[in-house]
Structures are given as C-alpha cells and as structure tokens.
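A closer look at the structure
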Amino acid sequence: MSEPHVTRDCDVLVVGAGGAGLRAAISAAEAGCSTIVVSKSLLGKAHTVMAEGGIAAGLGNVDNPDGWEVHFADTILGGQLINNWRMVDLYSREVIDRVYELERWGGIFDRTDDGRIMQRAFGAHSFRRLCHVGDRTGLELIRTCQDRMVHTAGTDVLAECTLTRLLTDGDGVAGAFGYNRQSGELIAIRAGAVVLASGGWGRMYRYTSNSWEGTGDGAAMACEAGAELQDMEFVQFHPTGMIWPPGARGILVTEGVRGEGGILRNSEGERFMERYDPVKKDLSSRDVVARSIYKEVEAGRGSPHGGAFLDIASQRSAAEIRKKLPSMYEQFEALAGVDITREPMEVGPTIHYTMGGIRVDAETAASTVPGLYAAGEAAAGLHGANRLGGNSLGDILVFGRRAGEAAAEFAKARGPHRTISDKQVEDEETLLLRPLSGDGSGAGENPYQLHRSLQEAMQDDAGIGRSEASLKRALAAIGELRERGRRMRVSGGRVLNPGWHTCRDVEFMLTVSEAIVRSALARTESRGSQWRFDFPEKDDRLSRINLVVRRRDGAMVVEERDLELMPDAVLQRLAKSRFFDAAALPSHYAGKVTSASVVAH
Amino acid sequence: MAGPVGGGRGGPAVTGGGEIPVSPTASPAAGGPSAPESGMTGATVTLRIFKGVPGGELGYATYEVPEVVGMVVLDAVHWVQRNLDTELACRWNCKAAKCGSCSAEVNGHPVLMCKTRIDTLRRGPITVQPLRSFPLIKDLVTDVSRNYEINKMIPPFTAAPDDGTPWRIAQMDVDRLYEHRRCIECFLCQDVCHVNRGHDLSARFFGPRFFVRVASLEMHPKDVLDRRDLVRDLGGLGYCNITKCCTDVCPEHIHITDNSIIPLKERVADRHWDPVRWLGRKLRGTSPPPEAP
C-alpha cells in the first residue's frame, strides 16, 4: 500500500541548484520546456558559492599569447591525459562565450586598466586566465544565474527538497522520487528528461571543504538506475584547507592566495615547492602541492598542527591583501584569530572536489541511461585525473547549458506523458521510512555515528595516499557499515528531522565510497590525485584506460573502457602549454608532437 | 534569560519560554558519544536552544557541550545533533560564512552561527533562537520564502539589446557594485529591521536586503531600467528611517544604510521631490516623467 505523496509533472527535471543546475534550467526553459529545479538547500546556497578563485577562460586580456588552445593543453596535461578530449575541446572554446554571457546577465568582474575583464594566475595554467571578482566569484556566478533563472518563464523551484531515487520505465528515466525536507511530505516528479546537476561528494571524508550536501546522492541514484560512473578513484585534495582551530579544519583557503603571490613554507622556513616542482613552484597543480605538504609533514617539517605555512603577508601589502582576498582576511580573523596581513596561515590538504562521476557524452551530457543527463561536478570526463583551479566554474556553465538544451530536445521528442512505476515508488517509500519505524525511542544504530565511522575509514584508508591493504580495509569497513545501516533508527517525525535525513544520506555515501575504493584498487598506478604507495609510478597501459563502475546483478563491478585517443592534429595543441614535456607523454603519443608545434615561452 | 518575545510578525510566539525536557534520542553508538576531539579545553558550554513546531510545545532545551578551542556556535549545535538530539533542526551549508544559511539569534543578536566564536560571548549559558521576523518551521529553522517572492518582483538586470559584449567597464564602477554584490542573503538584515519586526508591512516593504539588490541594479553602468518608482511604491523605501540596525548586523559589512538605502532615497527624491523640477511640472501641468522603458 503506497503512502500518500504529491505528484508533479514537468518536461525537464533538474536535480541541483548550483551553477550547473541553474544554467541547465535556463536552457531547458528557454527551449520551451516546463522545468522544475529541485534544491536540497535554499536557493542560492549550493556549493557554487564556495568557489573563490575565478572562472578559467582563454580571453587573453592580460597575457596576450593565451587562448582556448593553450587552455585546452593545460587542462589535458593537468588531467594527466585521461580526460575526455572532446569535452575539453568544447569546454575551452565555449567557456569564453559563457563568461561574456554571464557579464551580459549582470555578473561583475574585476577589470584591467583599460576596462576589460581582469584575469589572475592560478595553478598549472600557462597564463593569467581566471576571470574573477575579489575572492567571491562563485557567489557572483550563482547569484547571477539564480536571478536569470527565476525570471525565465517556465521555471519552478522546489527548495529544501531531496530526491532519493530515479524512476525508470521501459524507455529510460521517467522522473524521480523523494521528500520535502521542511514538511517530510513525499513527492514524485514525472519528467520527460532529468538533468543531474547534483554536485560532488566529500562528506564521506573527515576533513573536507564540502557542506552537508556533498553526499553523492546524484551519482548513487544514477548508478542504481543503471548509469555508469567513471573515474571514481580521482578525488581531489585541495592543498590548502584550514587546519586550526579544530572546528574550522577543512574549510577552504583559496588558491587565489598563491595566485596573488602567496608562498608555502615548512617549519624551517623553506619554500619547499621549489624542490618538488622547480618550474611551477607554489602554483603547481593541486595534486602535486597536496602531496608535497603531506611529504613535508611526514618528514617532520610540518607546522604545529600538521600542515604548512601559507605566507602572503611578506609578499603583498596589507591594503592589497584586503582588496584582493577580502573573504580570506575575514575568515582567518573571525575563525582563527589570525591577521593574514601580518602572519602566515596554517594550511593542509582537504577533500575538495571529485573528478569522477556520471559517464557522459561530450556533446550532449547524456549518460548511458536514455533521458538522463549530467553536468558539472556530478559528471566525469572533463578534468581527468586532476582538475585545475578555475575549471569547475567554467565546467558548470558550459556543460550545464549543453545538458539543459539536450534534455529539452529529448523531452520534447518524447512527449509529455510519463508513467511511473508504483513498485519503484513503494520500494523507495519503504526504504525512506524504515528508520522512523521503531518504537519511537530511536533505539538502533545512530546515523551520525555511522557517518563518522565511514569518515574515519575513508580518511585513513582511502585518502591522499592509498595501498592495496588500506583500500581493502576501507572496503571491509564499508561492508560492515552497510550491514549496520539496515538497523539505523531515529526518533521524531518527518518534519525537518535531520537525523532522519542523515539515514538516506549515509546509504548514498556508502554506495559512492564503495565506487571510490573499488576503482582505486583497480587503478594500480599513481596518476593525478590517485597516489598508490604500492604503485608509485604511472602505468603506461592505464594511461589509455578509464575505469567505470556499474551495477551488475545487484553487485558493483569495475570495468575498463578504452579512452578515445586524440587525433594527431589535436595532439599538437599540447605543445602550446608552457608546461608541455614531450618526454612525459605515454607511449601511444610519443614522438607524435612535432617540434614545429612547440612554442618558445 | 527571558524567553523569545512574540513581537515578531508571525515569529515564534513564545511568551513563557518554559524549559522542555529532551528525551534521549537515538542511542549513542557503542562507545558512547564521539571520541574526544583534539583541542578540547576541558570546559563545558551550556546551550539553551529554542525547540518546537508551530502548534506544538515551544520552549528551550538545555544541553551541555564539551568546549573545543576556537569552537563556533554551529560546532556546538552540531555536537548536540550528533550526540544528544538527532532531531534538532538547524540550517547550515558552507560553515565558512559564505552562504548565509545558519542565521540565528545568539544571546538575542542576529548572527551567523558559523562565525560566532563561543569565546567571544559573555560567560554563562548561550541562548540560541531562530530569526524572529520569520514564521517558525521547527527549532532554529524559519520560513524565509517571502524573501524569494520579493526578489521576483524586482525586474532583473537588463542591458540595452544593442550593447554587445565584450564590455569596457571601469574598475571604479565594479568596486562600487561589489559592495552590494557581496550580499550572501543571510537575511539577518531582514530579521533585525524594525519595520519587519514591529509591523505587518510584508506586502508593502521589500526590506534592506532588497534595497541592496535594487541599488546594485540601479548603479550598474550597463543596466537600462529605472526601478525608482518600484522601490518607492511597491518596495516601501520611505518606511526606512535609517536606524542602521541592518548595517550593524551585516556579516559582510555592507554599509546597507549609507551606501544602498540613502543613495536610493536620494534617487527617488530627485525624481519626485526636486523643487525645481516640481515647479516646472506645476507650471506645465504635467506629472512626474514615466519610467524609462
């Protein structure tokens, strides 16, 4: 017997209201589709607001030699050559248009002396490339898209609503099911197409810059519905998170600090990045900087709380710091009692971003399930094994738009009437309501404690450095927690009950954690963010492989997929990067970049 | 401590503020509450947190929380959720003062819980209440949807159709806009504004957050709309008598009164109350100029 629930209809359902979701909704509605945007938080609070540094785009406003081809090359090299090159190609060309579009929608950017959009330096970008406004570019992006979306006819927003299952019919996706967080009311949404713009997942780790929302529900739901997840082993540790005081541990310290000249030092005062990456130094890629800090701490040269010192005070005047890094100044003053115009910051690696996600087609953002699309951090392919700073805000605009357009086209071709399966709805209702089914005392497993146990297991055994032994421990812990998870019980009712909400979140996090660990086990090499102590080098064979996770007969399996290799003409672009090194190319590309392509910088 | 007074329009109308018992909820997992954290000070913090739903029992529950160095109020509330009361509802997201979700009244002051350090508060029990100017949903969470409705009434940024990008804009203009654009929509200004707090003018008053929004649009060098009549008539700009309460609570340090509201008032006055223009209209027998398209 089905619980009472409300049913809504739309052409395109967008799951998530960060930059990717908002941009997708604008496209879908402009194409004439009725569009519902579902947001777990209030509108405008999604993780996009946390992005600080800027949007990478090869405008060449500050450094004239820059352009989309150099941006293409930097992104592929930063991703250690396992990116989907077609996505990078579309991205590096179109992000320029998306920046100007944002400006036309009222977004503001800092300017050059002659009034053009200002660009700043960032890690592993050949040139100053990040369009920014102070250190609040993400807020500017989300507010601009939010305002554009609410004033676009055909859009509707369901705020504080969590979707927990994708509903499918014989043709593919038919909608989704979930609950209203405020009222606890259950809700089914029938849709002609669904865009997952549900962001990434960091909450299964103890120290993360992610908010409570980063539980991986989108990826987990997609996997349950039959979609393939790709590159799940690649989880980005941002090198600079706060590490003190304890409550602030994990909060992001923007790469913009180093972009504006900040340098990292160890306890001996040494600028250690000169040793690990003599060319890019403090602005090396995030995987390299995070590992370097880890190694310094292991060698006994860490800061008092186990990190490194980030010093901007000796590099810039107090007035410049307050102007270019206002929220960093405020954050350290309020939370740590540190004046960054006078003292160094104490920083260490924090889980920040997930390169992996739903496997999608480059042009349309279509997943392997008909009618299901994915964009932004929820999708895989653009960033390969490591994302460059500034490429996520660009990603959400470029592929949010593409996903919205493709979903609208699909929904229109499919027609309005979807039927949803009563059985799927009832199964999900049972799962959702089970933790409330106790005697009311809540006796059973506490979801918060299970969450904390998962965080300990993932942080310790599937963190910045991994080995077969540690990953197998993590896998065993996940299995045990999944078993205990069936006994999660909470007290209280359905009205805004965070304990109840956490129960389903824990299940999603377990699914995603399993995908991370199984993929990390299968990738027996070190590449980008994946650092295997037992396989410290790159494996030439695996440089042609993406790992894919999918459901088969109720179990999760990992499979290899051959990467589509870059044609020779495209490959030549790599030489445009300042960081191109022909000797580092894998065997299948070796010798194919002609010396005529190499640019002297 | 007095209980929350029910003065707020539709806010949690608790007059007694009685203590309500908290039943021990979901059993602490094996091994009891969370393992000790590093940086424990050894002290204990007492929190009195408002609890309840409209129509149900309303009051305060008291919790004892082990203090950690640099602890903020949101850390303490999270500790309570994890260890003592899994049902306790609060909003939060970034925990870094960038999203404006965790607004509450701490010891009577509207603040972000994520940037309010416990060691900056006076000694003794810490009282945590929801925003009083908004209808209660549960515990520390209120219904702020009215703000999103107001935003829909404000015509969005509009450039001249033939004004193609790339644009040239002076940094000076960006600097002026940036102050307004820093707003994180925490709605603390909407909460503290006495026009909202003491009167039921919801249909006739946008409130400080949306004066900031209108100012950011009106001052944008590429925007071509004129929202002065809107902000005067529908927005109720005249109700603001510049007490600067909004400016005081803004966690982004936006000078709401000086840099958003007063310039808007001046622009409205220019349009309607400039004595030279008034005389000119009087002599010509015309009404104020229509809004620009």
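Residues numbered from 1 in each chain as written. Chains lettered and ligands numbered in written order. Predicted model: local features only at pLDDT ≥ 70, side-chain atom pairs only at ≥ 80, totals over all residues.

1. Some words on the overall build of chain A
The following threshold applies: Each helix is a run of DSSP H or I of at least 4 residues and each strand a run of E of at least 2, with the numbering of both proceeding from the N terminus. With C-alpha atoms as the basis for the radius of gyration, the globule rule is written as 2.2 Å multiplied by the number of residues raised to the power 0.38. Exposed residues have 12 or fewer other C-beta atoms within 10 Å of their own C-beta, buried residues have 20 or more, and residues in between are partly exposed; the C-beta atoms are placed from the backbone.
In terms of regular secondary structure, chain A is built from 16 helices and 18 strands. The globule rule puts the C-alpha radius of gyration for 601 residues at 25 Å, and the 23 Å found for chain A is close to it. By principal-axis analysis of the C-alpha atoms, chain A measures approximately 70 × 50 × 50 Å. The buried share among the 601 residues of chain A stands at 64%.

2. Focus on the overall build of chain B
For clarity, the cut-off: Whether two residues are in contact is decided by their C-beta atoms, placed from the backbone, lying within 7 Å.
In terms of helices and strands, chain B carries ten helices and seven strands. Within chain B, counting contacts between residues at least 6 apart in sequence, those at least 24 apart form 67% of the total.

3. Topic: unusual backbone geometry
A cis geometry characterises the amide bond from tryptophan 244 of chain A onward to proline 245 of chain A, with omega recorded as 0°. Mapping proline 245 of chain A onto the fold places it in the loop between strand 11 (235-242) and helix 6 (256-259). Across the junction of threonine 165 of chain B and proline 166 of chain B, the peptide omega takes the value -5°, indicating a cis bond. With respect to the secondary-structure elements, proline 166 of chain B resides in the loop between helix 2 (145-153) and helix 3 (171-181). Phi at alanine 365 of chain A takes a positive value of approximately 65°, unusual for a residue other than glycine. For alanine 365 of chain A, the position within the fold is in the loop between strand 15 (357-358) and strand 16 (372-374). For alanine 365 of chain A, a count of 32 C-beta atoms within 10 Å gives the class buried. The backbone of aspartate 139 of chain B shows a phi angle near 50°, a positive value even though the residue is not glycine. Along the chain, aspartate 139 of chain B turns up in the loop between strand 6 (136-138) and strand 7 (141-142).

4. Re the sheet that holds strand 4 (residues 119-120) of chain A
Residues and elements named next belong to chain A. Just so we agree on the cut-off: Any two strands with at least two DSSP bridges between them are considered paired.
Taken in spatial order, the three strands make up an open sheet running 3-5-4, and their pairing is antiparallel. Sheet topology places strand 3 (55-56) and strand 4 at the edges, where each strand pairs with a single neighbour. Inspection of the sheet shows strand 4 paired to strand 5 (residues 130-131) by two bridges, in the antiparallel sense. When the bridges of strand 5 are listed, arginine 120 appears paired with leucine 130.

5. Remarks on the pairing of strand 9 (residues 186-196) of chain A
Residues and elements named next belong to chain A. Counting buried positions along strand 9 gives ten out of eleven residues, so the element sits mostly inside the fold. Bridge analysis of strand 1 (residues 6-15) against strand 9 gives nine bridges, and the strand direction is parallel. Paired with arginine 8 across the two strands is isoleucine 189, which belongs to strand 9. With five bridges joining them, strand 8 (residues 172-180) and strand 9 adopt antiparallel strand pairing. In the sheet register, glycine 178 faces strand 9, and the bridge partner there is isoleucine 187. Following strand 8, the chain reverses through five residues before pairing antiparallel with strand 9; glycine 184 in that reversal takes a positive phi of roughly 80°. Two elements, strand 9 and strand 16, share three bridges in a ladder whose sense is parallel. Residue pairing for strand 16: valine 194 is matched across the bridge by leucine 372.

6. Points about the domain arrangement of chain A
As a reminder of what qualifies: Note that the domain bounds reflect an automated or database-derived domain assignment.
Taken domain by domain, chain A consists of domain 1 (238-349), domain 2 (439-562) and domain 3 (568-597). Computed from C-alpha coordinates alone, the two centres of domain 1 of chain A and domain 3 of chain A are separated by 33 Å.

7. A short note on the nonpolar core
Residue and element names in this part refer to chain A. Quick note on the threshold: We define a nonpolar core as a collection of buried residues of the types Ala, Val, Leu, Ile, Met, Phe, Trp, Tyr and Cys that are connected via C-beta atoms lying within 7 Å of each other.
Ranked by size, the top nonpolar core spans 260 residues in total, and within it Val12, Val14, Val194, Val195, Tyr373 and Ala375 carry the most contacts. Examining the composition of this core, we find that twelve residues originate from one element, helix 15 (residues 498-522), more than from any other. Excluding residues that lie within four positions of it along the chain, valine 12 makes contacts with Ala28, Cys33, Thr35, Ala191, Gly192, Ala193, Val195, Ala407, Ala408 and Ala411.

8. Topic: helix 2 (residues 68-78) of chain A
Residue and element names in this part refer to chain A. Of all the eleven residues making up helix 2, ten are buried; the element is thus mostly covered by neighbouring parts of the structure. Trp68, Val70, His71, Phe72, Ala73, Asp74, Thr75, Ile76, Leu77 and Gly78 are the residues of helix 2 that are buried. Of the residues one or two after helix 2, glutamine 80 is the one with positive phi, at around 60°.

9. Points about the sheet that holds strand 10 (residues 229-230) of chain A
Residue and element names in this part refer to chain A. Cut-off, in case you're wondering: Axis definition: a line fit to C-alpha positions, over the contact stretch in the case of helices; interaxial angles, taken between N-to-C directions, run 0 to 180 degrees.
If you trace the four strands from one edge of the open sheet to the other, you get 15-10-17-18, paired in antiparallel fashion. Strands at the two margins of the open sheet, each flanked by one partner only, are strand 15 and strand 18 (555-562). Pairing analysis gives two bridges linking strand 10 to strand 17 (residues 545-552), with the strands arranged antiparallel. By the bridge assignment for strand 17, glutamine 230 is matched with valine 548. Those strands touched by helix 5 (residues 217-224) are strand 10, strand 15 and strand 17, and its axis lies near 65° from that of strand 17.

10. What about the interface of chain B and chain A?
The line we're drawing: Residues are sorted three ways: Asp, Glu, Lys and Arg are charged, Ala, Val, Leu, Ile, Met, Phe, Trp, Tyr, Cys and Pro are nonpolar, and all the rest, Gly among them, are polar.
Across the boundary between the two partners, chain B contributes 56 residues, which contact 59 residues of chain A. Of all the elements in the fold, those that place two or more residues in the side of chain B that touches chain A are helix 1 (73-83), strand 6, helix 2 and helix 3 of chain B. When residues in the side of chain B that touches chain A are grouped by element, the largest group, five residues, is from helix 3 of chain B. Looking at the side of chain B that touches chain A, its residues break down into 29 nonpolar, 14 polar and 13 charged.

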